[in-house]
Structures are given as structure tokens and as C-alpha cells.
Amino acid sequence: MDSKLKAAILIVSDTASQNPASDKTADALTAILAAEGKWEPPTVQIVPDNVFEIQRAVCDWTDASNWYNLILLSGGTGFAIKDNTPEAVSPLIQRHAPGLVHGMIAASLKVTPFAMMSRPVAGVREKSLIITLPGSPKGAMENLEAVVKLLPHACVQTAGANSRALHAGGMKKLENEAGVSPGLHDHHHHHHHGHGHATPRAHTSSDRHQSNDPAAGPNRRYRSSPYPMLSVEEALRKISEQTPEPTVIESPVDTSIVGSVVAEDVYAAEAVPAYRASIVDGYAIIAPDTSNPDKNTKGVFPVASIAHANVGGTLKPLESGTIARITTGAPLPPNANAVVMVEDTELASSTADGEEEATVEILAEDIEPGENVREPGSDISLGSKILSRGDLISPVGGELGLLAATGTRTIKLFKKPTVGVLSTGDELVQHDDPCTLTGGQIRDSNRPSLLSCLSSWGFPTVDLGIARDTPASELEHALRDSLRGVGRASSSVDVIVTTGGVSMGELDLLKPTIERSLGGTIHFGRVSMKPGKPTTFATVPFKETGAATSQQERKSKLIFSLPGNPASALVTLNLFVQPSLHKLCGLGESSQALAQKPWMAPQLGLPRVAVVLTHRFPLDPKRTEYHRAVVTASRSDGRLYATSTGIEGVGQRSSRVGSLATANALVVLRPGRGVGIKGEIVEALMMGGVYGSDTRLIC
Ligand SMILES: Nc1nc2c(c(=O)[nH]1)N[C@H]1C(S)=C(S)[C@@H](COP(=O)(O)OP(=O)(O)OC[C@H]3O[C@@H](n4cnc5c(N)ncnc54)[C@H](O)[C@@H]3O)O[C@H]1N2
Ligand code: MOO
Ligand SMILES: [Mg+2]
């Protein structure tokens, strides 16, 4: 071996991740490797007992171009609930190395029976050998010492060296060094084949995952879905429970904040108007007090000054018996207390040059003090509450107007979640690829339609492209990269929406990938609805890189894995993803003011309305159907009418994305009630604005 081998050590410990100085194991393991003289000084990293973070570190060290020959993990291999290192590492291992595991346990057992309380795993991922060790320095050292002599050889083989050459040369030496009997090695082709019963179950009871093991053949896969069938309401409840609380950000006040929800009450930093302003174009006057017996304002007055809306500097005070010409919005000169509209005046005389007004006659006799004057702060008083937590900055412009008028430069808002959209499937072709489709190829219609729908709701989106089903690791890498904002993801996403691969086929890999490779939790994998039965919702633990490692800083990211069928994907995006995004962007945080006006409090998800069916709607007998329809408001009776986008033949088939073209509503048809008959009133969920009876969109 000319050059030295590269090793990395991952310390898995909540304590050490808070206080790196408390870790003694990394130094102990480094010393053992150093004594061998075959290793470069190892790279050391510390992570908490968190499946996703363990997996991220291991994948960084195995999958990148800068990979390590050996990855040692220490900690999290015991029986405590938080010990999940084997669970994190096992799914990443492509070829297991039970011999190393046996060797380590056997060696430790000579020292203590507690060796039985360790659950080590070892094996190969890509070109790296991964071994988990106990967390205590003593236990970790014992285990590593038991196998350390073998590791250079094992790593060289793992990295792809010609094994025969190695066996011929260095093997004897290694065996002697390791104290292993050469005889053992001679028998290494003598496999123990196990019992070989092909059980119909895909899983043993010790398997904590619900999903199929992708490594199990078709004969070992589930023949009926292991996921309980949830009602739509139960599914929505789980989504709401798992959706994290919204995050607060501070943002500059500009048009980009439209569609955001206010996170903190906003108070006016400036009064509007800031000065006494005229409401009309006319003449500022000194109107007599109403108690004054001679309060007639009629008469001819000299025009002493001119006040325009944009004048700077100080205005000359108005002297008694004079008036000042003034424009709408302009500040009144001091002493003036009312404005007469120009329409209520007449020119009495001009200046000598004939260019200007010299005197003006006021025709109105009853102008009162304060008339046509906006007092300072009378529109918005200084320090008054202009927006409340929970208010939506609407595209109508009122809220942005208040902020702008008061010179509010930044505002605390709830961050809008960024949504990544990933299509999955070997059959998919980019929609605008000029190629001619061959075999089972289809155009990827889900990505453009989902991205457009999400953008129309005002959420930032990231196009994550297409992940192939084969090799299976492509999906895993695509999801991992998307969560971290690297590779195909231009920025990190809060929510991932995938389509395809969630049903019962052998290439339906979403569920196993989320559970087994990302350490995620699937909260549901089937919903009693049509379309959208295999809709899957999961969370994966995640910590932003660079953030402190306390538990509170760790957030879940959400994965909605929607069915591949295009109509199913769009319907479930509307039904399940939208309410979660609404909660994430703060729409659930309705202000106290709104709570007192429940009709104004924003509801999460699609608005619900009652509609009259214009014809017979066929019904699925078992699952609630979300029938795509056009809802129109009648001018004559004020009611909403629903017409299907297609009831004949395949009209509502899940593969028919056209069932959503022109649709603005999902008519909810609950099972067990027979067909929907003409004239019946049912519930509909509005996806878009209602059409007027003259087919113009009216809201
Ligand atoms: N044995 C069973 N088979 C199926 C069941 C079941 O319960 N048992 N459920 C059916 C239902 S319901 C649906 S919905 C689909 C869901 O399928 P998957 O989510 O697994 O999706 P795929 O198998 O990948 O694809 C299904 C279909 O959709 C097309 N597709 C996929 N992605 C796209 C895309 N981006 N753009 C356009 N079309 C796409 C794909 O080519 C397939 O035709 O499973 C049923 N099977
Ligand atoms: O439930 Mo699937 O979405 O009908 O075709
Ligand atoms: Mg499928």
C-alpha cells in the first residue's frame, strides 16, 4: 500500500453535540488508527442522536467524490429509546458485513457480558466500509481493536482492488497480524444458507417499517397494503398535527410581501396626515368660531399666499381678513382653519399685470372651522395599531397601503414555505422534449401542473426535476439534496411534493425510501378517496446546517407523496398540501380582531360552499369522490350551480388530467348515498374563482 487510507469518525451523542469537549472517544479511536501507521489522521464530526443527521454525515462521506475508506460511528448503539445509530446506518448499507459484527461482539464478550447490550452493524456503502462502535471510549476501543488489523485489507477490497492479487500477496500477513487462523479464511466460500422459506410476509415483527423492503423479491412483497385506510378528515388531522408552527421573518415592505401573513402587530410610526391638510382645491380661510354671532364667511378677500401640496419649508401665517389659495392635500397656512371649495368662489379682481388673482369673493356663508380640513393623524393616528398578527397582506392593496403611508420600512411576517416538486418514474420524459415517445414513455405533466398551481397560491417553488426509479438510490439522493438545497435543488425546501411511486408496484419506492433511507415517519399511506387513494404523507427530521443543535432548533420537513395519476396528483395537492401550506405561512394564526369576526377569519384549505347539481353525478360506492366540476353563480336566484367536467365513460378517470381543465371546484360526493341527482345540494370545494352566469370569473 503506497498511500495511506482515509478514515472518518462520527461521534453520535446529544451531549457531545452540545459540548464537543466532553467527547473522549474520537481521540481514543484516532490513537488506535495512528498506531497502525496505515491511516491518514481521521476526520471527526459530532452529531446528535438523530437518524437524519447520522445518515447525512455517512452519505457525505460515502457518496461524494471525496469519499472515505472507513467510517467509524461511535454511540447510539444501545437499547435506550434515543439509540438509533443502527437504524440510521442499516438502510444505507448496501452489503452487510456480519463477520465484523461477530468479531467485535466476541471480543467484547471476553471483557464484559454487557457486550450483549450493543447492537453493532457493519457493511459496505459505495466504496466505503462502515462500522458502528459503542459510545463509551472503552467499549469503542475494545471493538475497534478487535477488527483494526483487518480493516486496511477490507477497505482496499471495498474500494475495488483486485481481490485475487491481494489474497496472493498480503493475506497471510494480515491473518497473522490479526491473529486469525488461516483455516478460517480457507472456508470463506462455505456460506450458511439459512432456512430459505419464502415467507409470504415481507417483514418480520422486529421490522419497525411499514413499507416493503425494496431488497425483498416480488414473492416477499405485501399483497395488500399494510397502511390503514384513513378517512380524508383523519388524514387532514394528521397533516395539521405534523405541520410545524410558522416561522417569523423580518422583511422589507415592498410588493413581494403580498400574500404573506403578519406575525406581529404593527403600530403607525408616522401620523397620516402629518400636518393639517386641505381636502379640496380652494381657499384657506380663517372661519369665525361657530359661537361668534357674526359667523358669516361671505365677502371679498385679498389672496395673500399660495399653498401647494408639495411645498417645503415654512408657510407664512394667514393674517386676519386675508385668504390663501390652496390645493387638495396641501398644508394649511398657520392661522387658517377651513377651506372653501373653488366652486364656491368668484374672481373679484386681478393683479396689475393681469396674471394673478388679487381678490376673491367667497360666496358660501356658512363655512365652519375645520371644514374641508384633515387634522394631523386623523386618517392614521401616530402609534395606532394599523395591522394585527394574523392579518393577510392582500393583493387588494389596503394593507400594503397602510404600511407605505406610515413609512413602515420592515415588517415581521410568517415565512412562506418553499415547496419543491419532484416527479418520479423511469417512464417520464420532460414535457417539451422534442423526441418521439417510445415504448412506455409518457410526458411529465405533473410537474408543470403542480408547479403552476403552487405558484398561483403565492408560494415560492423549486423545480426538482425527475427522479428515476432505477437505480433506487437516485430517489434517495434527490430527496436528500432537496432537503438540503444542494444538487438539483436551487435552495432548500420546506415541503417536498412528489408524484408517482406510492402504490403497490415493485417500482413504487417512495414509502420505503422515506422510511428506510431518510429515517422519516409515514403518517399515512392510504386515504379513502377517489382519486388519490395511495396519497402518502411523511415527515423527516431535519436541522438546518449551521444552526445550533438544541432539540428546539430541529424541525421536521414535510413530504407529500402524491399518486402519479395526473388527476389524482392535482386533486390531492389541492386537498392535502394546501391546508398545510396555509398553516405554515401563518394563515391559521388569526388575530384577536379576526377571532371576534369569525366570518372573516381565514380558513385553511379550499373554501367550502354549497352547490346545486345541474345533472346526475355518478358515485363511487366506497370512497369519497372529489368530482371535478365547473361552478357558476346564477344571476337570477343567487345560487351556485355545479356541472361536471365529464361524466361519460372515462370522464373522471384518475389518469385524465383534462378532468381538471376548466374545473374550478371539487364536488364532494360521499359514499353510501346513491347517485347525486339533479337539483340536489351538495358540498363543493372551490379551487378557483366562481364563474358568473355570463361565464366571466366574478371572484
Ligand atoms: N394493485 C394496486 N394497484 C394500484 C392501486 C392499488 O391500490 N392496488 N392503486 C391505484 C391507484 S388508485 C393509483 S392513483 C395509482 C397510483 O400510482 P403511483 O402513485 O404508484 O404512481 P405510478 O405507479 O408511478 O404511476 C401511476 C400512473 O401515473 C403516471 N404518471 C406518473 N408520474 C407522472 C407524471 N409526472 N406525469 C404524468 N403522468 C405520470 C404513470 O405513468 C402511471 O400511468 O396506482 C394504482 N395502482
Ligand atoms: O385513487 Mo387513484 O388516485 O383513483 O387513481
Ligand atoms: Mg405505481
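Refer to the structure above for everything that follows.
Being a predicted model, the structure only gives us computed values, none of them experimental. (Residues numbered from 1 in each chain as written. Chains lettered and ligands numbered in written order. Predicted model: local features only at pLDDT ≥ 70, side-chain atom pairs only at ≥ 80, totals over all residues. Heavy atoms only, no water.)

A. The overall build of the chain, seen in detail. A tally of regular secondary structure across the chain gives 17 helices and 33 strands. Split into buried and exposed, the 699 residues of the chain put 47% on the buried side. In the chain, the proportion of contacts linking residues at least 24 apart, taken out of those at least 6 apart, comes to 70%. Looking at the chain as shown, the accessible area adds up to about 33,200 Å², and 54% of this sits on carbon and sulfur atoms. (Helix = DSSP H or I, 4+ residues; strand = E, 2+ residues; numbered from the N terminus. Buried < 20%, exposed > 50% of the residue type's maximum accessible area, 1.4 Å probe, protein only. Contact = heavy atoms within 4.5 Å. Areas by Shrake-Rupley, 256 points an atom, 1.4 Å probe, with all protein chains shown as cover.)

B. View of the site of ligand 1. Residues in contact with ligand 1 amount to 22 residues; listed here are only the nearest, E427, D444, S503, K533 and G564. N565 places a main-chain nitrogen or oxygen 3.3 Å from an oxygen atom of ligand 1. Considered on its own, ligand 1 offers 870 Å² of accessible surface; in the complex 69% of this is hidden by protein. For the shell around ligand 1, the secondary structure elements donating two or more residues are strand 21 (442–443) and helix 16 (566–584). Looking at side-chain class alone, the shell around ligand 1 contains seven nonpolar, ten polar and five charged residues. (Near = heavy atom within 4 Å. Polar contact = N/O pair within 3.5 Å; in protein donor to acceptor, adjacent residues only side chain to side chain. Nonpolar A, V, L, I, M, F, W, Y, C, P; charged D, E, K, R; others polar.)

C. Looking closely at empty space enclosed by the protein. Considering all chains together, one arrives at one cavity of 30 Å³ or more under this definition. If you add up the space inside the largest cavity, you get close to 40 Å³. For the largest cavity, the full set of lining residues is V232, E233, L236, L575, R608, Y626, V668, R670, E683 and L685. Of all elements in the fold, only helix 11 (232–242) and strand 32 (681–686) reach the threshold of two or more residues within the lining of the largest cavity. Top contributing element to the lining of the largest cavity by residue count: helix 11, with three residues. (1 Å grid on protein atoms, 1.4 Å probe; cavity = no way out; pocket = protein on both sides within 12 Å on 5 of 7 lines; lining within 4 Å. Points joined across faces, edges and corners; volume = space filled by probe spheres on them.)

D. Fine view of the site of ligand 2. Taken together, P531, G532, K533, P534, N565, S568, R623 and S654 make up all the residues around ligand 2. One of the backbone N or O atoms of K533 is found 2.7 Å from an oxygen atom in ligand 2. Here S568 contributes a side-chain N or O atom positioned 2.5 Å from an oxygen atom of ligand 2. When grouped by side-chain class, the residues that make up the shell around ligand 2 number two nonpolar, four polar and two charged.

E. Representation of the coordination of the magnesium ion (ligand 3) in the model. Each protein donor to the magnesium ion (ligand 3) is listed here as D508 (OD) and D508 (OD); together their distances run 2.4 to 2.5 Å. Relative to the helices and strands, D508 resides in the loop between strand 23 (495–499) and helix 15 (510–517). (Donors = N, O, S within 2.8 Å, 3.2 Å for Na, K, Ca; no water.)

F. Fine view of the sheet that holds strand 5 (residues 122–125). If you walk across this open sheet you meet the six strands as 2-1-3-6-5-4, and the pairing is mixed. Strands at the two margins of the open sheet, each flanked by one partner only, are strand 2 (43–47) and strand 4 (95–96). For strand 1 (residues 7–12) and strand 3 (residues 70–74), the ladder comprises five bridges, and the chain directions are parallel. From the neighbouring strand, A7 faces strand 3, where its bridge partner is L70. Against the sheet, helix 2 (residues 25–36) contacts strand 1, strand 2, strand 3 and strand 6 (128–133), and its axis sits at roughly 155° relative to strand 1. Sitting on the sheet, helix 5 (residues 98–111) touches strand 4, strand 5 and strand 6, and the angle it makes with strand 6 is about 30°. (Pairing = 2+ DSSP bridges. Axes fitted to C-alpha atoms, helices over the stretch in contact; angles between N-to-C directions.)

G. Representation of the nonpolar core in the model. V497, F560, L573, F576, L581 and Y626 are the most contacted members of the largest nonpolar core, which totals 42 residues. For this core, the secondary structure elements donating two or more residues are helix 11, strand 19 (419–424), helix 13 (446–456), strand 23, strand 27 (555–562), helix 16 and strand 31 (665–669). Broken down by element, this core gets its largest block of residues, ten residues, from helix 16. Contact partners of F560, with chain neighbours within four places excluded, come to I239, V495, I496, V497, T498, T536, F537, F576, V577 and S580. Core analysis: the second largest hydrophobic core is formed by 28 residues, L29, L33, V101 and L133 among them. (Core = buried A, V, L, I, M, F, W, Y, C linked by side-chain atoms within 4.5 Å.)

H. Representation of unusual backbone geometry in the model. In this chain, V272 is followed by P273 through a cis amide linkage whose omega measures -10°. Relative to the helices and strands, P273 resides in the loop between strand 8 (266–267) and strand 9 (277–278). In this model, K530 is joined to P531 through a cis peptide bond whose omega is 0°. Even without being a glycine, E126 presents a positive backbone phi close to 50°. Residue position: E126 is located in the loop between strand 5 and strand 6. Even without glycine at this site, N335 takes up a positive phi of about 85°.

I. The packing of helix 14 (residues 472–484) against helix 15, seen in detail. Where helix 14 meets helix 15, the closest approach of the two axes is 10 Å, and the angle between their N-to-C directions is 65°. Seen from above, helix 14 lies across helix 15 with right-handed handedness. The residues of helix 15 that touch helix 14, namely those facing L475, E476, L479 and R480, are L510, T513 and S517. Of the residues that constitute the contact of helix 14 with helix 15, the class distribution is three nonpolar, two polar and two charged. (Left-handed = near helix turned anticlockwise from the far one by under 90°.)

J. Region of the structure containing a nonpolar patch on the surface. Together, F79, F114 and M117 line one region of the surface with nonpolar side chains, adding up to about 380 Å² of accessible area. Structurally, F114 can be placed in the loop between helix 5 and strand 5. (Patch = residues over 30% accessible without salt bridge, like charges linked within 9 Å, V, L, I, M, F, W, Y side chains within 5 Å. Salt bridge = Lys/Arg side-chain N within 4 Å of Asp/Glu carboxyl O.)

K. Spotlight on the side chain of S517. Secondary-structure assignment places S517 in helix 15. Here S517 is in contact with Q55, P91, L92, E476, R480 and P512, once residues within four sequence places are set aside.

L. Inspection of the pairing of strand 10 (residues 282–285) at higher detail. Bridge analysis of strand 10 against strand 12 (residues 323–326) gives three bridges, and the strand direction is antiparallel. Looking at strand 12, one finds that A284 is bridged to A324. Of the pairings in the sheet, the one linking strand 10 to strand 13 (residues 338–341) comprises four bridges and is antiparallel in character. Its bridge partner being in strand 13, G282 is matched across the sheet by M341.

Just distances and angles here, no functional claims.
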